[in-house]
There are 2 protein chains.
Amino acid sequence: MTQTEIAIKMVLDRWIGSILNFNKHLNELSDEQLQREIATGKNRGIYLLGHLIAVHDDMLILLGIGEKLFPELNEPFIKEADRVAPQIPSASELRVMWVKHNEMLQEKFEKVTADEWFAKHTAVSEEDFLKEPHRNKLNIIITRTSHLQYHTGQLVLLK
Amino acid sequence: MTQTEIAIKMVLDRWIGSILNFNKHLNELSDEQLQREIATGKNRGIYLLGHLIAVHDDMLILLGIGEKLFPELNEPFIKEADRVAPQIPSASELRVMWVKHNEMLQEKFEKVTADEWFAKHTAVSEEDFLKEPHRNKLNIIITRTSHLQYHTGQLVLLK
């Protein structure tokens with residue numbers, strides 16, 4: 001394995017490990033627990049779940065590997081704060097979407113080659129990318145893993 | 001820049017970005033706020049701060065780049081749960097330790113070469129490392145960044 005291949009493996013392993021860790025906690029929470037706020041006056045568990053699906057859906061666009069699976073989640077879970085949207089999917093519906101989304105991402109990630117991971121993501125211009133080659137697709141995985149961990153630290157508080 | 005150098009930069013940038021983000025939130029919290037629980041019945045902010053310093057201190061050993069700066073934090077902030085140790089440093093003392101620790105780590109990280117980042121960390125055997133070359137020093141940064149983000153998601157709840 002080259003250092004490049006090892007680096008890609010480490011980043012993807014951390015992503016998968018973070019998803020599995022989130023799943024473990026999510027599966028220990030009932031739909032009723034997801035309706036509760038993670039701390040007084042803060043987001044509800046159900047909002048965090050919808051937010052993560054919506055943010056991960058956006059990764060498809062940034063990585064240029066497909067269309068969003070659930071574009072309808074952008075409005076209630078990214079644009080709007082918790083409790084603003086008049087209607088959102090139920091906790092059990094979001095659980096199904098979450099599992100489906102993870103499987104879809106995993107399949108797509110497996111097809112990305114090493115050179116593609118180091119190619120620019122879709123939100124950076126060719127010109128900027130020449131100066132900042134770290135603004136690549138692999139970096140999207142790195143930053144979104146951080147984001148997932150941040151919210152996992154919140155989800156566990158519902159237990 | 002080679003792909004290896006880009007990968008190292010991405011991982012270290014994410015580490016530094018996570019530290020700066022934590023600092024931003026920490027500086028917005030008073031010592032009194034740090035005494036509060038992040039959610040009812042959960043860890044206090046002051047415990048999270050001490051825990052992070054202690055975990056980051058352990059990175060020095062794993063990376064083989066020095067001795068712990070604050071070994072006395074291992075007992076109250078890693079081995080023991082919050083409110084178990086009879087006496088812990090004050091919030092203002094921990095803030096000073098945190099800043100000093102970050103500066104020290106940053107200085108040391110800058111001296112690590114690319115090949116050293118891909119060398120084995122101290123908790124894996126030579127034999128296992130041959131089969132699992134991803135168990136290297138750079139991976140310690142990746143996993144500890146995840147850990148830091150997880151607890152940052154909790155610290156912000158004190159605001």
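Residues numbered from 1 in each chain as written. Chains lettered and ligands numbered in written order. Predicted model: local features only at pLDDT ≥ 70, side-chain atom pairs only at ≥ 80, totals over all residues. Heavy atoms only, no water.

**Student:** Looking at this structure, how should I read the overall build of chain A?
**Tutor:** Across its full length, chain A carries 8 helices and 0 strands. For chain A, the α and β elements follow one another from N to C terminus as α-α-α-α-α-α-α-α. Relative to a compact globule of 159 residues, whose C-alpha radius of gyration would be 15 Å, chain A shows 17 Å and is just as compact. In terms of overall dimensions, chain A has C-alpha extents of about 45 × 30 × 25 Å along its principal axes. Out of the 159 residues in chain A, the part that is buried amounts to 52%. Counted over contacts in chain A with a minimum sequence separation of 6, partners at least 24 positions apart contribute 70%. Accessible surface, chain A: about 7,400 Å² in total, of which carbon and sulfur atoms supply 52%. Distance from the positive charge centre (19 side chains) to the negative charge centre (23 side chains) of chain A: 4 Å. (Helix = DSSP H or I, 4+ residues; strand = E, 2+ residues; numbered from the N terminus. Rg over C-alpha atoms; globule rule 2.2 N^0.38 Å. Buried < 20%, exposed > 50% of the residue type's maximum accessible area, 1.4 Å probe, protein only. Contact = heavy atoms within 4.5 Å. Areas by Shrake-Rupley, 256 points an atom, 1.4 Å probe, with all protein chains shown as cover. Lys, Arg positive; Asp, Glu negative; His and termini not counted. Charge placed at Lys NZ, Arg CZ, Asp CG, Glu CD.)

**Student:** Got a minute to help me understand the layout of surface pockets in this structure?
**Tutor:** The rolling of a water-molecule-sized probe over the atoms marks out the regions of remaining empty space. Residues and elements named next belong to chain B. Approximately 230 Å³ is the volume attributed to the largest pocket. If you go around the largest pocket, you meet 14 residues; those closest to its centre are Ile19, Leu20, Asn23, Asn102 and Glu103. Residue assignment for the lining of the largest pocket shows that the elements contributing at least two residues are α1 (3-27) and α5 (91-111). Computed from the structure, the second largest pocket encloses a volume of approximately 170 Å³. (1 Å grid on protein atoms, 1.4 Å probe; cavity = no way out; pocket = protein on both sides within 12 Å on 5 of 7 lines; lining within 4 Å. Points joined across faces, edges and corners; volume = space filled by probe spheres on them.)

**Student:** What is the right way to look at the interface of chain B and chain A in this model?
**Tutor:** How large an interface is tends to be reported as the accessible area lost when its parts come together. Listed as interface residues are 32 residues of chain B and, on the opposing side, 32 residues of chain A. Around 2,800 Å² of area is buried between chain B and chain A when both sides are counted, 67% of it from carbon and sulfur atoms. The three residues of chain B that bury the most area against chain A are B:Gln3, B:Met10 and B:Tyr150, which together make up 23% of that side's buried surface. Put simply, chain B and chain A have 0 salt bridges between them. At the boundary of chain B with chain A, the tally comes to 10 residue pairs in polar contact (both at pLDDT 80 or more). (Buried area = accessible area lost by both parts, 1.4 Å probe. Salt bridge = Lys/Arg side-chain N within 4 Å of Asp/Glu carboxyl O. Polar contact = N/O pair within 3.5 Å; in protein donor to acceptor, adjacent residues only side chain to side chain.)

**Student:** Please explain the relation of the copies chain B and chain A as it appears in this structure.
**Tutor:** Applying a rotation about an axis and a shift along it to one chain copy brings it onto the other copy. The transform that puts chain B on chain A rotates by 180 degrees and translates by 0.0 Å along the axis, for an RMSD of 0.0 Å. Look at the turn and shift together and you get a two-fold axis relating the two. It is B:Tyr150 whose C-alpha, among those of chain B, lies nearest the rotation axis, at 2.1 Å. Of all interface residues in chain B, 100% are interface residues in chain A too; the two copies therefore contact each other through one and the same surface. (Least-squares fit on C-alpha atoms with pLDDT ≥ 70 in both.)

Read these as layout, nothing more, since geometry by itself doesn't imply function.
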